[in-house]
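# Structural overview for review
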Amino acid sequence: MDNLKLYVSTVCPFCKKVERFIKKNNIEGIEITNIDFNADARNLLVEKGGKKQVPALDLGDRIMYESDDIIEFIGNRE
């Protein structure tokens, strides 16, 4: 992976779905940041993507939001 950043929240079932996929498939190179505990990351997510929705995968030039889209994207990059 290209050192991507995944923003998640503690009680988000869609975030857990993506995190389980990453763990199950031993995918490395994705920094997971919980916005519940990191106000700077939460503010950066809103600044970059325009909203606080999670899961959110920071691709550098854009933010990808839907869990199924994120799973498909990272699954195809291995």
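For the structure given in this document, a descriptive report is provided here.

## Things to note about the overall build of the protein chain
The number of helices and strands found in the protein chain is 3 helices and 4 strands. Among the 78 residues that make up the protein chain, the fraction classed as buried is 37%. Within the protein chain, residue pairs in contact and separated by at least 24 positions form 59% of the contacts whose partners lie at least 6 positions apart. A total accessible area of about 4,900 Å² is found for the protein chain, and carbon and sulfur atoms account for 46% of it. Counting 12 positive and 14 negative side-chain charges, the protein chain places the centres of these two groups 5 Å from one another.

## Some details on the sheet that holds strand β3 (residues 56-58)
The 4 strands are arranged β2-β1-β3-β4 in an open sheet whose pairing can be described as mixed. The open sheet has two edge strands, β2 (30-34) and β4 (63-64), and neither has a second partner. Here 3 bridges tie strand β1 (residues 4-8) to β3, and the two strands are oriented antiparallel to one another. Bridging across to β3, L6 finds its partner in L57. In the packing of helix α3 (residues 67-76) onto the sheet, the strands contacted are β1, β2, β3 and β4, and the crossing angle to β3 comes to about 40°.

## Some thoughts on the pairing of β1
Consecutive side chains of a regular strand alternate in pointing toward one face of the sheet and then the other. Burial analysis of β1 places 4 of its 5 residues in the buried class, which makes it a mostly covered element. With 5 bridges joining them, β1 and β2 adopt parallel strand pairing. Across the sheet, K5 pairs through a bridge with E31, a residue of β2. Where the polypeptide runs from β1 across helix α1 (residues 13-24) and back to β2, its parallel neighbour, the crossover connection is right-handed.

## Describing the packing of aromatic side chains
Any aromatic ring pair is given by two values, namely how distant the centres are and how the planes are angled relative to each other. The final tally for this structure, using the stated rule, is 0 aromatic pairs. Of note, K51 hangs over the ring of Y65, and the distance from its end group to the ring centre comes to 4.5 Å.

## Looking at the nonpolar core
One finds L6 and L57 to be the most contacted residues of the largest nonpolar core, which totals 23 residues. Those elements that provide at least two residues to this core are β1, α1, α2 (39-49), β3, β4 and α3. Among the elements that make up this core, the one with the highest residue count is β1 (4 residues). Sequence-distant contacts of L57, defined by excluding residues within four places in its chain, comprise L4, K5, L6, R62, I63, M64, I70, F73 and I74.

## Here we look at the pattern of salt bridges
All chains considered together, the criterion is met by 4 salt bridges. Between K48 and D58 there is a salt bridge; the shortest N-O distance is 2.8 Å. Linking K48 in helix α2 with D58 in strand β3, this pair joins segments that are 10 residues apart in sequence. D58 gets classed as buried once you look at its relative accessible area, which sits at 11%.

Cut-offs and rules
- Numbering of residues starts from 1 in every chain and runs along the sequence as written.
- Per-residue local features are limited, in this predicted model, to residues with pLDDT of at least 70; the limit for side-chain atom pairs, both in listing and counting, is 80 or more; totals at the level of whole chains, interfaces and linings are taken over all residues.
- Remark: hydrogens and water are excluded; side-chain values derive from all non-hydrogen atoms of the structure.
- Here a strand is any run of E in DSSP of at least two residues, a helix any run of H or I of at least four, and the numbering for each starts at the N terminus.
- Exposure classes here rest on a 1.4 Å probe applied to the protein chains alone. A residue is buried below 20% of its type maximum, exposed above 50%, and partly exposed in between.
- In what follows, a contact means two residues having at least one pair of non-hydrogen atoms within 4.5 Å.
- What sets the accessible areas is the Shrake-Rupley method with a 1.4 Å probe; for residues, cover comes only from the shown protein chains.
- Two residue types count as positive, namely Lys and Arg, and two as negative, namely Asp and Glu; His and chain ends fall outside the count.
- Every charge is mapped onto a representative atom, which is NZ of Lys, CZ of Arg, CG of Asp or CD of Glu.
- Two strands are counted as paired when DSSP detects at least two bridges linking them.
- In this analysis, axes come from line fits to C-alpha atoms, helices being fitted only over the stretch in contact, and the angle between any two N-to-C directions falls in the range 0 to 180 degrees.
- Here is how to tell: hold the view so the strands point away, follow the path from the first strand over the helix to the second, and if it runs clockwise the crossover is right-handed.
- For this analysis, a ring pair means two rings from Phe, Tyr or Trp (six-membered ring only for Trp) whose centres lie within 6.5 Å, classed as stacked if their planes differ by under 30 degrees, edge-to-face if by over 60, and tilted for the remaining angles.
- In this analysis the charged atom, NZ for Lys or CZ for Arg, is taken to sit over a ring once it is within 6 Å of the ring centre and within 35 degrees of the ring normal.
- Among buried residues, the Ala, Val, Leu, Ile, Met, Phe, Trp, Tyr and Cys ones that are joined through side-chain atoms within 4.5 Å form a nonpolar core.
- One side-chain nitrogen of Lys or Arg within 4 Å of one carboxyl oxygen of Asp or Glu is enough to make a salt bridge.

None of this, on its own, says anything about what the molecule does.
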